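A structural walkthrough
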Amino acid sequence: MAKPTAAVFSFTCCEGCSLSILENENELLDILNFVDFVEWREAMSEKTTDTIDIAFVDGSISTHHDVKKIKQVRERCKMLVAIGACATNTCVNSLKNRYGMSELKEMVYGEAGANFDTIPARPLHAVVPVDFEIPGCPMQGEEFIRIVQALLIGKAPRLPNYPVCVECKRKENVCVYDKGMFCMGPVTRAGCDADCPSYGAWCEGCRGFVDHPNENAHWEVLKEYGLTVEEVMQRFDIFCTYELEERKAKADQQERK
Ligand code: SF4
Ligand code: SF4
Ligand code: SF4
């Protein structure tokens, strides 16, 4: 039986998520026994125009050219997997959405700004149907391997649906709130093994929200430590702006029903 084909495509991003696939050196060799990579800018020079079984895509959609290209990728692949926060949640690219596009282009490129193609940044699912999303900045290489294994045996892959605090407590870390810091762990999807708090830093929420975040409990924690909602929103600005807007739009829609 022919091996399924896979390709990795990058849009607006640092391509750190495609790189994190390469960093799984040992497991990747095993994966290559079951999948044929046919295009992957960081790893090979070959390109293809054929139909692909699985397309892994990192990066946000932030130009008209991106829109055209992701639609072409979608048409050519049987399954599209968004990898990393830029692709799933717009990540730092959403910072540009604070400005008008003409203002932004002028700010960055001066008079030459009019020559550049830019639109507000969006995650892939805002432009084309996406079959699965792997969060994180960068995506966790081990999680990628686990999900690819599930896809190859036809199982529905799953992400942890509990907050980073659970992993953090399991590791017996001292909570950074007790060190006077702020942390998004109570509302952020686990799966990174509480990487940042384990090294004494706070969680910035790079994996996006857990499905049903207990926001009230988080506000209570903030109150206990003398923090404000505004300070929280500043944190959300880095990774979760787009997701917050989507949630708000959904809630408004439900309210109107
Ligand atoms: S999610 Fe982070 S690591 Fe991945 S491509 Fe975007 S900025 Fe780079
Ligand atoms: S450090 Fe952050 S993730 Fe860890 S327990 Fe405290 S709030 Fe939760
Ligand atoms: S602790 Fe938070 S910011 Fe750090 S990797 Fe995990 S989800 Fe991302």
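No experiment lies behind these values; they were computed from the predicted model shown.

Looking now at helix H6 (residues 141–152). In this model, H6 (twelve residues) spans 17 Å end to end at C-alpha, consistent with the 16 Å of a helix rising 1.5 Å per residue. Among all positions of H6, only Glu143, Phe144, Ile147, Val148 and Leu151 are buried. Taken end-on, H6 shows its buried residues confined to a sector of 135 degrees, consistent with a single buried face. Residues of H6 that are buried in the fold lie against helix H1 (16–22), helix H2 (25–31), strand S3 (52–58), strand S4 (77–83) and strand S5 (132–134). Of the residues one or two after H6, Gly154 is the one with positive phi, at around 75 degrees.

Bringing the site of ligand 3 into the picture now. Around ligand 3, the structure places Val164, Thr188, Cys192, Ala194, Asp195, Cys196, Cys203, Glu204, Gly205, Cys206 and Arg207. Among the residues forming the shell around ligand 3, the class breakdown is six nonpolar, two polar and three charged.

Here we come to the domain arrangement of the protein. When its domains are assigned, the protein resolves into domain 1 (5–152) and domain 2 (164–256). Spacing between the C-alpha centres of domain 1 and domain 2 amounts to 25 Å. Residue-level contacts link 13 residues of domain 1 with twelve residues of domain 2. Among the elements that line the side of domain 1 that touches domain 2, the one with the most residues is helix H4 (residues 85–89), at three residues. When grouped by side-chain class, the residues that make up the side of domain 1 that touches domain 2 number six nonpolar, six polar and one charged.

Rules used throughout
Residues numbered from 1 in each chain as written. Chains lettered and ligands numbered in written order. Predicted model: local features only at pLDDT ≥ 70, side-chain atom pairs only at ≥ 80, totals over all residues. Helix = DSSP H or I, 4+ residues; strand = E, 2+ residues; numbered from the N terminus. Expected span 1.5 Å × (residues − 1). Buried ≥ 20, exposed ≤ 12 C-beta atoms within 10 Å, placed from the backbone. Arc of directions from axis to C-beta. Contact = placed C-beta atoms within 7 Å. Near = placed C-beta within 6 Å. Nonpolar A, V, L, I, M, F, W, Y, C, P; charged D, E, K, R; others polar. Domains from an automatic or database assignment.

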